[in-house]
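# Chain and residue survey
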Amino acid sequence: MVMSAAAYLPAPKLGEWLKELSVRHLVLAPQARGDAVVFAPYAEGGEIVLDRDATMPPKQAVFPATEELLRFRRVKDPEDPGRVDVELSASQPAPKTVVFGARPCGTRGFLAYDRVYRSPKTTDPYYAARRDATLFVTVACTAPGNSCFCHWVGSGPDDASGSDLLLTPVTGGFVVLAVSGRGDELLGSPLLEPAGDRTAEAEKVLAAVRAALPPAPDISGARDGLTAVFDDMGFWDEVSAKCVSCGACTYLCPTCYCFNITDEGDGLAGRRLRTWDNCMSFQFTLEASGHNPRPTKAHRLRNRVGHKFSYYPALHEGAVACCGCGRCVRGCPVSVDIREIVLAAIVRAARAREETAHD
Amino acid sequence: MIELNPYLPEMATILETVQETPTIKTFRVRLDDPGRMQAFSFQPGQVGQLSVFGVGESTFVINSSPTRMDHLQFSVMRAGEVTTRLHGLAAGDKVGVRAPLGNHFPYESMRGKDIVFIGGGIGMAPLRTLLLFMLDNRADYGRISLLYGARSPEDMAFKTDLPEWSSRGDMTTVLTIDREAEGWEHRVGLIPNVLLEMAPSADNAVAVTCGPPIMIKFTLQALKKLGFADEQIYTTLEKRMKCGVGLCGRCNIGTKYVCVDGPVFSYAELRELPNEL
Amino acid sequence: MSPFETLKEKIREALPGLDCVIGWRQGFDPLHATPFFMRAPEDVEKLVWSPLCVHNLSTYLPSFRGKKVGIVLKGCDSRGVIELLQEKLVERENLVLFGLPCSGVADLTKLGRAAGDLDRVSAVAWDEAGFTLATPRGEVRVARRDALADKCLSCQFPNALEADHLPGDPLPPATGPDLGDEELAALEAMAPADLMARWAAEMSRCIRCYACRNACPMCVCRDHCIAQSRDPHWLSQEDSPREKLMFQLIHTMHLAGRCVECGECQRACPVDIPILALRRKMNRVVRELFDYQAGLDSQAVPPLFTFQVEEANIKERKW
């Protein structure tokens, strides 16, 4: 792939550039809504918040909280009025979208989706349509926070994977780098200038951020460690004790992709919806018989952590289903810390191994 | 309409229903599009999602045989919202069908072997498809025996099949109920105990079992006593499912998704899975 | 010995007879305390007590029903316990209540307004006048009014109302402004259409995580909430402000005469929707109609648990 040279966007022209992008795209950008920051459609004059990571990840851009899978309508057969037919229709809306201003971790969440939703075995057409229609203009992270751990999971503050353009904040603006062919096409704007020496400044900025991160612990033992402690319910009871079993962690997560399907409507006509669902909920695995294979929050948290750091990596060549953005830690009403649980499982498994060896 | 949309059901019409037991009702359905029905194929053990529009979908094994394709048969135990609404449907009503989904019984590797079917209650449904398939390919298999049990005579499903199965010379059929009942001419006793009395040989044999968890637990113990190894025992699992194609994330046991990697598992495979049934 | 050290001693003494004692420990960064379940005497060393102990731990008590547990309580938290006792959702003989006089806890959302990125605060200190946050931009000073939870500024119950241990001198009620009242007054001054538009805008960012419900000590239906029931089917899965606001109204109605106004619903909201106002409004109605405040007296009967033909403040029968 031929990449253009880096460009430069002066900060005062950011609004104008987003306006320009809005001509052909729905531009979703981080904006304040009350005390939260969410990805919302950009309108001229909208204030973009880049000084902290958005409260919500950009996942709604490709995976809306609720998506219509189909519509149904009951109709009387004109030949035989006693007979009622059902008409089904389905469509896959895919507005051309630019997600502006996600940090690399937020953008990278979709890579976890891609391996499942566009695998050689299955393609989810709703997801695929939106994914293909969405471009990611990511802003490199220069301000990792206390809950961040992208570098634990094989990423970093300037990770461009999954992005189309990567912006790096430099004095007075952003160095703009195309990291995909589709990103390249966005570089034609007359608002962009050649980056020149600023590329070197950008590299310095990124090197400084990387250097400022505290060392990442080795979590390569998580996959086997979590399997090893699976039956250790004492461990899971302990680490889940403070969890209140809400869905904040899953709905804030850029990689959590589970969903529910429900029919809504009055019986004559209605919609079948796919909605974000949450493995921390009692109902998630509750069977009609009343049996529940994950009856307590300890069972459910075990699956949540196990899925991200053990089962998913086992199925997807070691890739972890976590982008390290820390939203689950920040957004949890009681500060359940997935980092702590993963590390504790590794330690617990190692201790159990030693004890077995001594027996 | 979009091709290759795994969420989009085929419209189907109920041809006939059979009230099997007070809580189990069987539906024979045919896809409305004759071309689709003609082209439809599945393997014994695969499941389908039945839709009642406005209510939702639920997963059931296709319990007819791929060798008899004039209709698809599903047997539904009334338990939740969808199944309750399904029970209210009659011949001529429309349902949606998403099928086939999941894996199937390894009937090819079972060729030449003796087959022992052990079914309890609604657990007879997944056995029925494989049994019919084998009866229609009778020469490929060794001795076939069926042990089917229910709580009481009225809880016995597939009553229209039972006389044929009982009278066939090329299979052994044993029926049992938990407690004595008036007019009952077959065995009385719990399935695992009757199985031990039947004492099928484990040599070159495969056991296929499905039923309520407590029955499965003791049936496994009985099979062990009879010398069956985990590799010789197959069952089908049930989990709450939504998408049926491995995406929605609720039916996993560790790395395995019951909707695509199952529902059929050997006990050797189950042994390797985390204990989260 | 400080009241806190005295309390720790009492907890150590009590622990052998208890399943656990619920308190707080330091969380993942300087600004976060986190609920902590002490099981062994050595755990008590990790117990913390500070204005960052924001959580109302009484929310955990019903899950320990039948077991003997201890719990550390602020004044407001004790009202949750009292309400649970009234409703017989916990047994008094199974509880050991460790109270501490509280002069107010932080509202991290308010602190975030001052800090910018709350996740980059590297140290925090406090005194009677306010908080000092160390941020990448330098030290940020936040006045008490802009740092404490609104409920604390006008707190009438700084000491646990029901406690087995209450070391230290009781604190007098707070005399600050009632910001909750001010918020309600502003909302009530709005035209209905504007008010509806405002709620629609606020609720549109709701992600239906139900943290508000699960953090609430009085939300005891938990796994069987009407919000997630298909039968009856009161709420659809449509992602609309209507459905989301409907849940807030269900929650508010369900809390009528039971809400102790601890504010956990709003504090728990990961997208900071100011939903406490709805409960405050309902509490005001209950107070006016029944002259009743929840969680003050474990022997009292909540007004909607009882029926009186002649309710003093319900005038409709005279119309």
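Bear in mind that the values here come from a model prediction, so they are computed numbers and not experimental data. (Residues numbered from 1 in each chain as written. Chains lettered and ligands numbered in written order. Predicted model: local features only at pLDDT ≥ 70, side-chain atom pairs only at ≥ 80, totals over all residues. Heavy atoms only, no water.)

All names here are of chain B. Within this structure, the stated rule accounts for 64 salt bridges over all chains. Linking Arg168 and Asp170 is a salt bridge whose minimum nitrogen-to-oxygen distance equals 2.8 Å. Classification of Arg168 by relative accessible area gives partly exposed; the value is 23%. Residue Arg271 pairs with Asp230 through a salt bridge whose shortest N-O separation is 2.7 Å. (Salt bridge = Lys/Arg side-chain N within 4 Å of Asp/Glu carboxyl O. Buried < 20%, exposed > 50% of the residue type's maximum accessible area, 1.4 Å probe, protein only.)

Turning to the domain arrangement of chain B, a few remarks are in order. Residues and elements named next belong to chain B. Segmentation of chain B into domains returns domain 1 (10-101) and domain 2 (114-236). Relative placement of domain 1 and domain 2: their C-alpha centres are 24 Å apart. On the domain 2 side, the residues contacting the 20 residues of domain 1 number 17 residues. Both sides together, the interface formed by domain 1 and domain 2 hides about 1500 Å², and carbon and sulfur atoms give 59% of it. Here Asp136 makes a salt bridge to Arg68, at a shortest N to O gap of 2.7 Å. Where domain 1 meets domain 2, there are six residue pairs in polar contact (both at pLDDT 80 or more). Residue assignment for the side of domain 1 that touches domain 2 shows that the elements contributing at least two residues are strand S2 (24-31) and strand S5 (72-77). Residue composition of the side of domain 1 that touches domain 2, by class: eight nonpolar, nine polar and three charged. (Domains from an automatic or database assignment. Contact = heavy atoms within 4.5 Å. Buried area = accessible area lost by both parts, 1.4 Å probe. Polar contact = N/O pair within 3.5 Å; in protein donor to acceptor, adjacent residues only side chain to side chain. Helix = DSSP H or I, 4+ residues; strand = E, 2+ residues; numbered from the N terminus. Nonpolar A, V, L, I, M, F, W, Y, C, P; charged D, E, K, R; others polar.)

Here we take up the pairing of strand S9 (residues 173-178) of chain A. All names here are of chain A. With five of its six residues buried, S9 lies for the most part within the structure. Across four bridges, the pairing between strand S1 (residues 7-10) and S9 is antiparallel. Bridge pairing links Pro10 to Gly173 in S9. (Pairing = 2+ DSSP bridges.)

The amide bond that connects Ala99 of chain B to the next residue, Pro100 of chain B, takes the cis arrangement and shows omega of -5°. Among the structural elements, Pro100 of chain B can be located in strand S6 (residues 94-101). Residue Pro232 of chain C is bonded to the preceding Asp231 of chain C through a cis peptide linkage, with omega at 5°. Locating Pro232 of chain C in the fold gives a position in the loop between helix H8 (211-215) and helix H9 (241-254). One non-glycine residue with positive phi stands out, namely Ser245 of chain A, at about 65°. By the secondary structure assignment, Ser245 of chain A is in the loop between helix H7 (233-240) and helix H8 (248-251).

To continue, consider the interface of chain A and chain B. Taken residue by residue, the interface counts 47 residues in chain A and 38 residues in chain B. Note on chain A versus chain B: buried area summed over both sides is about 3500 Å², and carbon and sulfur give 57% of it. There are five salt bridges connecting chain A and chain B. Arg272 of chain A is paired through a salt bridge with Glu57 of chain B; the nearest N and O atoms lie 3.4 Å apart. When residues of the side of chain A that touches chain B are traced back to their parent elements, those giving at least two are strand S4 (66-76), strand S5 (84-89), helix H2 (104-117), helix H3 (125-132), strand S11 (259-265), strand S12 (269-276) and helix H9 (297-315) of chain A. Here the element with the most residues in the side of chain A that touches chain B is H9 of chain A; it accounts for seven residues. Looking at side-chain class alone, the side of chain A that touches chain B contains 23 nonpolar, 12 polar and 12 charged residues.

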